[in-house]
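Below are the chains, spelled out letter by letter.
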Amino acid sequence: MLVLFETAAGYAIFKVLDEQKLQQVDSLWKEFETPEKANKGKLGKSLKKVLKKVVAKEAHEQLAITDAKLGGVIKEKLNLSCVHSPAVAELMRGIRNQMEGLITGLPAREISAMSLGLAHSLSRYKLKFSPDKVDTMIVQAISLLDDLDKELNNYIMRCREWYGWHFPELGKIITDNLAYCKSVRKIGDRTNVASMDLSDILPEEIEAEVKLAAEISMGTEVSEEDIANIMHLCDQVIEITEYRSQLYDYLKNRMMAIAPNLTVMVGELVGARLISHAGSLLNLAKHPASTVQILGAEKALFRALKTRRDTPKYGLIYHASLVGQTTAKNKGKISRMLAAKTALAIRYDALGEDTNAEMGVENRAKLEVRLRYLEEKGIRRISGSGKALAKADKYQHKSDVKVYDPSGDSTLPTVSKKRKIEEVEEGEEEEKPVEAKAKKVKRETTKKKKKEKKRAAEEEPEEEAAVSPAEETTEKKKKKKKKVKEDD
């Protein structure tokens, strides 16, 4: 039986002299206690033929292998019978322990170096890892860039406060930090401003203003040693600023080489911060679009989930140019669309074989068109019919006319309009029957009074005065007329 053994240096074929020992799997390890025991026997002719690259058909012995799939391929290609069993696995383990004694001409140092190189090669092949796409450089560069920004802010603030005791007006006139430090480095004592030429640093108007302010400055006098220390601090600020610009150019070039589509979508700085936050470009490619959208706002997200409030709409992606140029009403919608396209660009950069930025340019153009539409027409559904668009324009573009509300002037509690109308209607219904009743009462009182007058007139005594028959007739006629009128 032949044994096919794979090492970092290559393949090795061994001859099994005593095949009966393979049946005793538990005691097989005793045969490999020392290199002498493992190396007993001679090299067979069949093994020599195989080593000399003779056709495998002439080797009529079985081949012991560790991988059953590899045995199937060998049998199919070379017509050589292969064996894979627990005994073969134990045999391989023994050969591996005594590999240095069995294989001559390979020191232990070289074997370990070969093993390490093989492990790296296999890892690159399995992970499809390219040495050109080293995103670790991006992570370190963006972290250093943020640290430099913090240090620059601290140094510039200290420089302005320090030199402000001597020439406080200069800080208000020159707002640019680098120009301020260069001016302080060139001026030194403020008494030198009158004879100093600052045209290579400042415009003519600002230079004239600086010279005028130096003549009437309210600053205190400082020693030459103080000025020397301030100028040394200005040198540090200028050097750090120049190094920061070089680092930014380096980061820009690395981002375009490693993640060109991501750079086109969100920019160099935002893309580098996303990669740094995720740990690597491959880890970032595993995140869905919703995670990319809120990456960097984890504290706000968990606070919102804990307090049951609205979750954040954006994280690091908020600093992208597409999100920054939109109105506050559309920022959430644009950030969601940008995160979806950015997730596709990240996966294309991490797992794709091409290194062009065509997909990023195309997706960015689509987002810009969508953004322009939202800014011009407002957020509404896009429908193909002209009637729907006309209706949307009709009801959406009407301007609201604001009218003065006098209810705010009153301190009385407000009552809704419906309630007021109901109260007024109920009052009117109650007033109508009251008025009808009052009219009936008046009519009844007038009738009673008239009846009482009639009775009083009839009960008067006839003996009060003698009346002529003609007068009686006239009086009767008058009474009849009165009765007729009353009846009417």
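See the structure printed just above.
Residues numbered from 1 in each chain as written. Predicted model: local features only at pLDDT ≥ 70, side-chain atom pairs only at ≥ 80, totals over all residues. Heavy atoms only, no water.

1. Remarks on unusual backbone geometry
Backbone geometry places Arg308, a non-glycine residue, at a positive phi of 60°. Inspection of the secondary structure assignment puts Arg308 in the loop between α16 (298-307) and α17 (321-324). (Helix = DSSP H or I, 4+ residues; strand = E, 2+ residues; numbered from the N terminus.)

2. A closer look at the packing of helix α7 (residues 136-164) against helix α13 (residues 268-278)
Running from amino to carboxyl end, α7 crosses α13 at an angle of 115°, the nearest separation of the two axes being 9 Å. Judged on the interaxial angle alone, α13 and α7 are roughly perpendicular. Handedness of the crossing formed by α7 with α13: left-handed. Counting all contacts with α7, which are made through Ile138, Val139, Ile142, Ser143, Leu145 and Asp146, the residues of α13 involved are Leu269, Ala272, Arg273, Ile275 and Ser276. Its residues placed into classes, the contact of α7 with α13 shows seven nonpolar, two polar and two charged. (Axes fitted to C-alpha atoms, helices over the stretch in contact; angles between N-to-C directions. Parallel < 35°, antiparallel > 145°, perpendicular 65-115°, else oblique. Left-handed = near helix turned anticlockwise from the far one by under 90°. Contact = heavy atoms within 4.5 Å. Nonpolar A, V, L, I, M, F, W, Y, C, P; charged D, E, K, R; others polar.)

3. Here we look at the side chain of Arg190
With respect to the secondary-structure elements, Arg190 resides in the loop between α9 (177-187) and α10 (204-215). The exposure class of Arg190 is buried, given its relative accessible area of 10%. Here Gly219 takes part through its backbone oxygen, which lies 3.3 Å from a polar atom of the side chain of Arg190. Once you skip the residues sitting within four places of it in the chain, Arg190 turns out to touch Tyr163, His166, Phe167, Ala214, Ser217, Gly219, Thr220 and Glu221. (Buried < 20%, exposed > 50% of the residue type's maximum accessible area, 1.4 Å probe, protein only. Polar contact = N/O pair within 3.5 Å; in protein donor to acceptor, adjacent residues only side chain to side chain.)

4. Some words on the packing of α7 against helix α11 (residues 224-258)
Interaxial distance between α7 and α11 falls to 9 Å at its minimum, and their mutual angle equals 155°. As far as their axial angle goes, α11 and α7 are roughly antiparallel. In terms of crossing hand, the pair formed by α7 and α11 is left-handed. Here the residues of the contact of α7 with α11 sort into 26 nonpolar, three polar and four charged.

5. Thoughts on the pattern of salt bridges
A complete count under the given rule lists nine salt bridges for this structure. Arg185 is the partner of Asp235 in a salt bridge, and the nearest nitrogen-oxygen pair spans 2.5 Å. In this pair, Asp235 sits in helix α11 while Arg185 sits in helix α9, placing the two residues 50 residues apart along the sequence. Take Arg185: its relative accessible area is 33%, and that puts it in the partly exposed class. Glu362 serves as the salt-bridge partner of Lys366, at 3.9 Å between the closest nitrogen and oxygen. Of this pair, Lys366 and Glu362 both sit in helix α19 (residues 358-377), four residues apart, which is roughly one turn of that helix. (Salt bridge = Lys/Arg side-chain N within 4 Å of Asp/Glu carboxyl O.)

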